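Here are the chains, one letter per residue:
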Amino acid sequence: MQTNPMTATSTAPQLTSALDYFRQSAGQWQSQRVTHHLAFRRAEVGESEIQVEMLEVTDPRLAEICQMYDIDPAAAAGGALVTWKSLMAWDASEEDNHEGQTVMVIVPDATDDRRGKLLRERGYAETAPVAGEYHLDEEGGMVLTTEYETMSSVERFWFPNPNLRMRTSVLKRFGGFNTATFCTEVRVGCDQSAVAAGGDREQAISALGW
(Lines give C-alpha, C1' and ligand atoms only; values in the text may rest on other atoms or scores of the structure.)
Protein backbone atom coordinates (compact mmCIF):
# COMPACT_ATOMS: atom_id res chain seq x y z
CA MET A 1 0.00 0.00 0.00
CA GLN A 2 1.35 3.41 -0.92
CA THR A 3 1.46 6.11 1.73
CA ASN A 4 0.23 9.61 1.13
CA PRO A 5 3.38 11.77 0.80
CA MET A 6 1.47 14.80 2.07
CA THR A 7 0.98 13.28 5.52
CA ALA A 8 3.25 12.33 8.39
CA THR A 9 4.70 8.80 8.49
CA SER A 10 5.44 6.45 11.40
CA THR A 11 8.96 7.89 11.56
CA ALA A 12 7.79 11.50 11.55
CA PRO A 13 8.57 13.55 14.67
CA GLN A 14 5.56 14.42 16.82
CA LEU A 15 5.25 18.19 16.55
CA THR A 16 2.48 19.97 18.44
CA SER A 17 3.44 23.64 18.13
CA ALA A 18 5.18 26.04 15.74
CA LEU A 19 8.09 26.17 18.16
CA ASP A 20 8.48 22.39 17.72
CA TYR A 21 8.78 22.96 13.95
CA PHE A 22 11.49 25.54 14.47
CA ARG A 23 13.42 23.26 16.81
CA GLN A 24 13.14 20.37 14.36
CA SER A 25 14.32 22.66 11.54
CA ALA A 26 17.44 23.83 13.40
CA GLY A 27 20.64 23.04 11.49
CA GLN A 28 21.82 23.08 7.89
CA TRP A 29 19.68 21.86 4.99
CA GLN A 30 20.17 21.17 1.29
CA SER A 31 17.03 22.00 -0.67
CA GLN A 32 16.02 20.82 -4.15
CA ARG A 33 12.91 22.38 -5.67
CA VAL A 34 10.76 22.63 -8.75
CA THR A 35 8.87 25.87 -9.42
CA HIS A 36 6.04 25.95 -11.95
CA HIS A 37 5.39 29.30 -13.60
CA LEU A 38 1.74 28.73 -14.37
CA ALA A 39 1.24 31.64 -16.75
CA PHE A 40 4.07 30.38 -18.98
CA ARG A 41 3.36 26.66 -18.46
CA ARG A 42 7.04 26.10 -17.75
CA ALA A 43 8.95 24.58 -14.84
CA GLU A 44 12.21 25.74 -13.31
CA VAL A 45 14.48 23.71 -11.03
CA GLY A 46 16.67 25.16 -8.32
CA GLU A 47 18.67 24.40 -5.22
CA SER A 48 19.31 26.15 -1.93
CA GLU A 49 21.48 25.97 1.15
CA ILE A 50 19.48 26.85 4.27
CA GLN A 51 20.78 27.43 7.79
CA VAL A 52 18.36 27.67 10.74
CA GLU A 53 19.61 28.86 14.13
CA MET A 54 17.26 28.87 17.13
CA LEU A 55 17.01 32.10 19.10
CA GLU A 56 16.08 32.23 22.76
CA VAL A 57 12.98 34.17 23.72
CA THR A 58 15.26 36.61 25.55
CA ASP A 59 17.17 37.53 22.36
CA PRO A 60 16.74 41.31 21.89
CA ARG A 61 16.12 40.86 18.16
CA LEU A 62 12.82 39.15 18.93
CA ALA A 63 11.64 42.07 21.05
CA GLU A 64 12.62 44.55 18.33
CA ILE A 65 10.54 42.72 15.72
CA CYS A 66 7.54 42.41 18.05
CA GLN A 67 7.68 46.16 18.61
CA MET A 68 7.64 46.72 14.84
CA TYR A 69 4.18 45.11 14.84
CA ASP A 70 2.99 46.66 18.13
CA ILE A 71 2.99 43.23 19.78
CA ASP A 72 4.02 42.70 23.40
CA PRO A 73 7.41 40.90 23.32
CA ALA A 74 6.21 38.79 26.26
CA ALA A 75 3.77 37.09 23.86
CA ALA A 76 6.63 35.60 21.79
CA ALA A 77 7.34 31.88 22.28
CA GLY A 78 10.73 31.93 20.52
CA GLY A 79 12.31 32.52 17.16
CA ALA A 80 15.02 31.66 14.66
CA LEU A 81 17.60 33.22 12.39
CA VAL A 82 17.21 31.77 8.88
CA THR A 83 19.95 32.22 6.26
CA TRP A 84 19.63 31.05 2.66
CA LYS A 85 21.52 31.01 -0.62
CA SER A 86 19.77 29.84 -3.78
CA LEU A 87 20.47 29.28 -7.46
CA MET A 88 17.73 28.83 -10.06
CA ALA A 89 18.00 27.32 -13.53
CA TRP A 90 16.84 30.52 -15.25
CA ASP A 91 19.51 32.68 -13.61
CA ALA A 92 21.73 34.32 -16.21
CA SER A 93 24.95 33.42 -14.38
CA GLU A 94 26.25 32.00 -11.12
CA GLU A 95 26.44 35.57 -9.83
CA ASP A 96 22.69 35.97 -10.34
CA ASN A 97 21.83 34.15 -7.13
CA HIS A 98 19.38 34.73 -4.34
CA GLU A 99 20.63 35.00 -0.79
CA GLY A 100 19.69 36.67 2.45
CA GLN A 101 18.66 36.17 6.03
CA THR A 102 15.75 37.02 8.27
CA VAL A 103 14.76 36.73 11.92
CA MET A 104 11.44 35.00 12.55
CA VAL A 105 9.35 35.29 15.70
CA ILE A 106 6.57 32.92 16.78
CA VAL A 107 3.62 34.54 18.55
CA PRO A 108 1.08 31.82 19.46
CA ASP A 109 -2.61 32.58 19.79
CA ALA A 110 -3.49 33.30 23.42
CA THR A 111 -6.08 30.49 23.50
CA ASP A 112 -4.66 27.98 20.98
CA ASP A 113 -0.91 27.36 20.62
CA ARG A 114 -1.53 25.40 17.39
CA ARG A 115 -2.10 28.68 15.58
CA GLY A 116 -0.78 32.20 15.72
CA LYS A 117 1.39 34.76 13.94
CA LEU A 118 4.83 34.39 12.40
CA LEU A 119 6.64 37.74 12.32
CA ARG A 120 9.55 38.33 9.94
CA GLU A 121 11.89 41.27 9.52
CA ARG A 122 12.10 40.33 5.84
CA GLY A 123 9.80 38.29 3.64
CA TYR A 124 10.84 35.76 0.98
CA ALA A 125 8.71 37.11 -1.84
CA GLU A 126 9.24 40.74 -0.85
CA THR A 127 12.06 42.22 1.24
CA ALA A 128 9.81 44.35 3.47
CA PRO A 129 8.87 43.16 6.98
CA VAL A 130 5.87 40.86 6.91
CA ALA A 131 3.63 38.93 9.31
CA GLY A 132 1.96 35.65 8.40
CA GLU A 133 -0.74 33.51 10.02
CA TYR A 134 0.08 29.87 10.80
CA HIS A 135 -1.81 26.82 11.99
CA LEU A 136 -1.00 23.14 12.46
CA ASP A 137 -3.25 20.85 10.44
CA GLU A 138 -4.61 17.41 11.33
CA GLU A 139 -2.06 15.62 9.12
CA GLY A 140 1.05 16.78 10.93
CA GLY A 141 1.87 19.81 8.78
CA MET A 142 2.28 23.51 9.47
CA VAL A 143 0.46 25.87 7.09
CA LEU A 144 1.62 29.47 6.74
CA THR A 145 -0.48 32.11 4.95
CA THR A 146 1.16 35.45 4.17
CA GLU A 147 -0.33 38.54 2.58
CA TYR A 148 2.21 40.84 0.92
CA GLU A 149 1.51 44.22 -0.67
CA THR A 150 1.48 42.83 -4.20
CA MET A 151 0.95 39.10 -3.70
CA SER A 152 -0.10 36.36 -1.30
CA SER A 153 1.37 32.95 -0.48
CA VAL A 154 0.27 29.72 1.16
CA GLU A 155 3.01 27.34 2.31
CA ARG A 156 2.83 23.93 3.95
CA PHE A 157 5.73 22.26 5.78
CA TRP A 158 6.00 18.69 7.09
CA PHE A 159 8.61 16.15 8.20
CA PRO A 160 8.33 12.53 6.92
CA ASN A 161 11.25 11.87 9.30
CA PRO A 162 13.57 14.05 11.43
CA ASN A 163 16.10 14.53 8.61
CA LEU A 164 13.71 15.14 5.72
CA ARG A 165 11.52 18.20 5.39
CA MET A 166 9.07 18.82 2.56
CA ARG A 167 7.44 22.06 1.56
CA THR A 168 4.82 23.15 -0.93
CA SER A 169 3.92 26.74 -1.73
CA VAL A 170 1.55 28.64 -3.99
CA LEU A 171 2.37 32.27 -4.73
CA LYS A 172 -0.44 34.37 -6.21
CA ARG A 173 0.69 37.64 -7.74
CA PHE A 174 -1.62 40.48 -8.66
CA GLY A 175 -2.08 40.27 -12.42
CA GLY A 176 -2.23 36.47 -12.54
CA PHE A 177 1.47 35.54 -12.63
CA ASN A 178 1.15 32.63 -10.20
CA THR A 179 3.75 30.01 -9.24
CA ALA A 180 3.57 26.65 -7.46
CA THR A 181 6.65 25.12 -5.83
CA PHE A 182 7.60 21.76 -4.31
CA CYS A 183 10.76 21.46 -2.17
CA THR A 184 12.56 18.46 -0.73
CA GLU A 185 15.02 19.45 2.00
CA VAL A 186 17.59 17.07 3.48
CA ARG A 187 19.56 17.72 6.65
CA VAL A 188 23.26 18.11 5.82
CA GLY A 189 25.47 15.41 7.30
CA CYS A 190 22.71 12.89 8.06
CA ASP A 191 22.59 9.23 7.02
CA GLN A 192 20.99 9.16 3.55
CA SER A 193 19.49 5.71 4.18
CA ALA A 194 17.63 7.16 7.15
CA VAL A 195 16.24 9.89 4.93
CA ALA A 196 14.98 7.40 2.34
CA ALA A 197 13.28 5.34 5.05
CA GLY A 198 10.94 8.21 5.87
CA GLY A 199 9.68 9.13 2.44
CA ASP A 200 10.20 8.55 -1.26
CA ARG A 201 11.13 11.76 -3.07
CA GLU A 202 10.04 10.47 -6.47
CA GLN A 203 6.72 9.32 -5.09
CA ALA A 204 6.11 12.73 -3.52
CA ILE A 205 6.88 14.57 -6.75
CA SER A 206 4.72 12.35 -8.93
CA ALA A 207 1.80 12.53 -6.52
CA LEU A 208 1.73 16.29 -6.94
CA GLY A 209 1.91 16.02 -10.73
CA TRP A 210 5.38 17.58 -10.79
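Quantities reported herein were computed from a predicted structural model and do not represent experimental measurements. (Residues numbered from 1 in each chain as written. Predicted model: local features only at pLDDT ≥ 70, side-chain atom pairs only at ≥ 80, totals over all residues. Heavy atoms only, no water.)

(A) Main features of the packing of aromatic side chains. According to the stated counting rule, one finds 2 aromatic pairs in the structure shown. Measuring from ring centre to ring centre gives 6.0 Å for Tyr21 and Phe159, while their planes differ by 45°; the resulting arrangement is tilted. With Tyr21 in helix α1 (residues 18-25) and Phe159 in strand β8 (residues 151-161), the pair connects residues that are 138 residues apart, well separated along the chain. For the pair formed by Tyr21 and Phe159, the shared burial category is buried. (Phe/Tyr/Trp six-rings, centres within 6.5 Å; stacked < 30°, edge-to-face > 60°. Helix = DSSP H or I, 4+ residues; strand = E, 2+ residues; numbered from the N terminus. Buried < 20%, exposed > 50% of the residue type's maximum accessible area, 1.4 Å probe, protein only.)

(B) The arrangement of α1 in detail. Of all the 8 residues making up α1, 7 are buried; the element is thus mostly covered by neighbouring parts of the structure. Immediately downstream of α1, the backbone of Gly27 shows phi near 125°, a positive value.

(C) Highlighting the nonpolar core. Counting 20 residues, the largest nonpolar core has Ile106, Leu118, Tyr134 and Met142 as the members making the most contacts within it. The set of elements that each furnish at least two residues to this core consists of α1, β2 (42-55), β3 (78-88), β4 (98-108), β6 (130-136), β7 (142-147) and β8. For this core, the leading source of residues is α1, giving 4 residues. (Core = buried A, V, L, I, M, F, W, Y, C linked by side-chain atoms within 4.5 Å.)

(D) Region of interest: helix α2 (residues 60-68). Those residues of α2 not exposed but buried are Leu62, Ile65 and Cys66. Down the axis of α2, the smallest arc covering the buried residues is 105°, so these residues share one side. Projecting away from the buried face of α2 at angles above 90 degrees are the exposed residues Pro60 and Gln67. One side-chain oxygen at the N-terminal end of α2 lies 2.9 Å from the backbone nitrogen of Arg61; it belongs to Asp59. After α2 finishes, the residue Asp70 shows a positive phi value of roughly 55°. (Arc of directions from axis to C-beta. Polar contact = N/O pair within 3.5 Å; in protein donor to acceptor, adjacent residues only side chain to side chain.)

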